[in-house]
Amino acid sequence: MTSQDVRKQFLEFFASKGHLIVPSAPIVLKDDPTLMFNNSGMAQFKEYFLGNGTPKSNRIADTQKCLRVSGKHNDLEDVGFDTYHHTMFEMLGNWSFGDYFKKEAINWAWELLTEVYKIPKENLYISVFEGNPAENVPFDQEAWHIWAALIDEDRIILGNKKDNFWEMGDQGPCGPCSEIHVDIRSAEEKALVSGKSLVNNDHPQVVEIWNNVFMEFNRKADGSLEKLPAKHVDTGMGFERLCMALQGKTSNYDTDVFTPLIEKVEQITGFKYVDNAVTPSAVEEKTNIAIRVVVDHVRAVAFAIADGQLPSNTGAGYVIRRILRRAIRYGFTFLNTKEPFINQLVSVLANQMGEFFPEIKLQQQLVTNVIREEEASFLRTLDQGLQLLDKVIEEEKGTIIAGAKAFELYDTFGFPIDLTALILREKGFELDEAGFNAAMQEQKKRSRAASEVSTEDWSVLIPGNVETFVGYDQSESDVKITRIRKV
Ligand code: ATP
Ligand code: MG
Ligand code: MG
Ligand code: MG
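Remember, predicted model here, so these are calculated numbers, not experimental data.

Around ligand 1 lies a shell of 16 residues, among which Asp75, Phe89, Asn211, Gly236 and Gly238 are the nearest. Elements that contribute at least two residues to the shell around ligand 1 include exactly β5 (88–97), β10 (206–219), β11 (225–238) and α7 (239–246). The element contributing the most residues to the shell around ligand 1 is β10, with four residues. Its residues assigned to classes, the shell around ligand 1 shows five nonpolar, six polar and five charged.

Quick look at the structure:
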């Protein structure tokens, strides 16, 4: 079954159950101060759950372009290293706004997976919320019983608050969730270790595919829970993981969502990707990681640009620039790409995804040009920066690299801090982040004093979380990008 068919069947199935099919919201959010990028299907419906406004229908389904690279959901560090977390991915979802609840949602999820997609029941596990008396939230007995009528009881697992209870924030709508996990290991592996013990344990072939959230409570300011007058369902299924399960693969990158991109990288670079059916050697694994990073990151960057977020030095634009620079450096170091090449993947992506997401086809030229310019610009300083870093490492007696050096790489060579940290980790070194931040503050003080204009250009979405540092506006200029935008 092709990925196109997988997506189509999901939407047709929920249309047949009375759902209105709506388009994905843009990946970039322009008017939500709490969130930079859409990171789940429910984001565009958030206000309805809070009781503000009414949806077009009380049953909706879609596929949502998601990006998990900042804030609460940040999977960037896993991308390339595992085979099932992406920066950008599609989340298939169905919603009930005060309409159907657990019985229908669970039975339909089961029907879709086992009858339409024909996933063998013995490959599925369900996790249900176990309850947490300390926080006044009960065991989700209702869901457990509905599942127990469909699947062997010993395939139902009780999960904790972290995995099986959803809350929008400290207050507001919340509720238990049931998650569906698929075990795609070989029969021999299954005989050795039960899949049950591997659920939620980061096993690459025992993965969570579908989260079904049942919003039935409201958490009040004093922490207590009350029943919501109208109950809602919010589900999200990882499209690429589903394709992996349905195409008989053991890695998302071996599905047709990624293989055309991988083939293009192979063609451009001459390096070969070793698919998951074969165990790669240590050298091949390095190439594999680099190829996975490139084909993953190009999707995130291309869709963000197509939705109007150009790479820049601040805010969401800097997050996109960071992702692209991470991919450029993986190519440079591990795939020997000394010239821009990532932009050539955009046409493959547009051919593959353009039918369902017309924005990528419509903006194909712009996206290609922006990525090419970004690549050319970073490649001008990358080599020198890497050489400087090598020198610093050579001269370093301990294992911690001074923050001031990382700042120089950032300021003069355009190395995002997380990229420097990543390269250092590969070589067994650590970065003095406090020193980096101090150097940054110094620089800001100097430029403020010089211009007497206060430019509050750092933005931290969640205080204390380094990964959400999103930018600066110092030595690089957006002139080229602005020019392209006008083409
Ligand atoms: P995981 O535990 O695997 O990180 P999650 O619990 O964070 O997933 P949810 O927030 O429940 O994920 O999102 C719903 C579904 O979206 C997941 O069941 C999974 O199939 C998919 N998903 C989540 N994060 C990613 C990602 N980074 N890349 C691809 N698919 C993802
Ligand atoms: Mg996660
Ligand atoms: Mg999870
Ligand atoms: Mg989950």
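Take the packing of helix α8 (residues 259–269) against helix α9 (residues 282–306) next. Put simply, α8 and α9 touch, their axes get as near as 10 Å, and they point 120° apart. Taken as axis vectors, α8 and α9 run oblique relative to one another. For the pair α8 and α9, the sense of crossing is right-handed. Counted together, Leu261, Ile262 and Val265 of α8 and Ile291, Val294, Val295 and Val298 of α9 form the full contact between these two elements. Looking at the contact of α8 with α9, its residues break down into seven nonpolar, no polar and no charged.

Once that is clear, we can look at the nonpolar core. Residues Ala109, Val294, Val298, Val301, Ala302, Ala327 and Leu349 are the most contacted members of the largest nonpolar core, which totals 113 residues. Ranked by residue count, the leading element in this core is α9, at 13 residues. Sequence-distant contacts of Ala109, defined by excluding residues within four places in its chain, comprise Ile180, Trp210 and Asn212. Formed by 17 residues, the second largest nonpolar core is a distinct cluster that contains Ala406, Ile417, Ala421 and Leu424.

The next subject is the environment of Asp202. Looking at the secondary structure, you find Asp202 in the loop between α6 (187–192) and β10. When the 11 C-beta atoms within 10 Å are taken as the criterion, Asp202 is described as exposed.

On to the pairing of β5. With 10 of 10 residues buried, β5 lies mostly within the body of the structure. Residues Met88, Glu90, Leu92, Asn94 and Ser96 line one face of β5 and the alternating positions Phe89, Met91, Gly93, Trp95 and Phe97 line the opposite face, and both faces are buried. By the bridge criterion, nine bridges tie strand β2 (residues 59–67) to β5 in an arrangement that is antiparallel. By the bridge assignment for β5, Ala61 is matched with Asn94. In terms of strand pairing, β5 meets β11 through five bridges, oriented antiparallel. If you follow Leu92 over to β11, its bridge partner there is Met237.

The next thing to look at is the environment of Pro173. Structurally, Pro173 can be placed in strand β9 (residues 172–183). Put simply, Pro173 and Gln205 are 32 residues apart on the chain and 33 Å apart in space, counted from C-alpha to C-alpha. Not counting residues up to four positions away in its chain, the partners in contact with Pro173 are Phe49, Met168, Met215, Asn218 and Leu228.

The next point concerns unusual backbone geometry. Of note in this structure, Lys118 is not a glycine but carries a positive phi near 60°. Tracing the sequence through the fold places Lys118 in the loop between α3 (102–116) and β6 (124–129). Phi at Asn200 takes a positive value of approximately 60°, unusual for a residue other than glycine. On the basis of neighbour count, Asn200 is assigned to the partly exposed category, with 18 C-beta atoms found within 10 Å.

Reading the values: rules and limits
- Residues numbered from 1 in each chain as written.
- Chains lettered and ligands numbered in written order.
- Predicted model: local features only at pLDDT ≥ 70, side-chain atom pairs only at ≥ 80, totals over all residues.
- Near = placed C-beta within 6 Å.
- Helix = DSSP H or I, 4+ residues; strand = E, 2+ residues; numbered from the N terminus.
- Nonpolar A, V, L, I, M, F, W, Y, C, P; charged D, E, K, R; others polar.
- Axes fitted to C-alpha atoms, helices over the stretch in contact; angles between N-to-C directions.
- Parallel < 35°, antiparallel > 145°, perpendicular 65-115°, else oblique.
- Left-handed = near helix turned anticlockwise from the far one by under 90°.
- Contact = placed C-beta atoms within 7 Å.
- Core = buried A, V, L, I, M, F, W, Y, C linked by C-beta atoms within 7 Å.
- Buried ≥ 20, exposed ≤ 12 C-beta atoms within 10 Å, placed from the backbone.
- Pairing = 2+ DSSP bridges.

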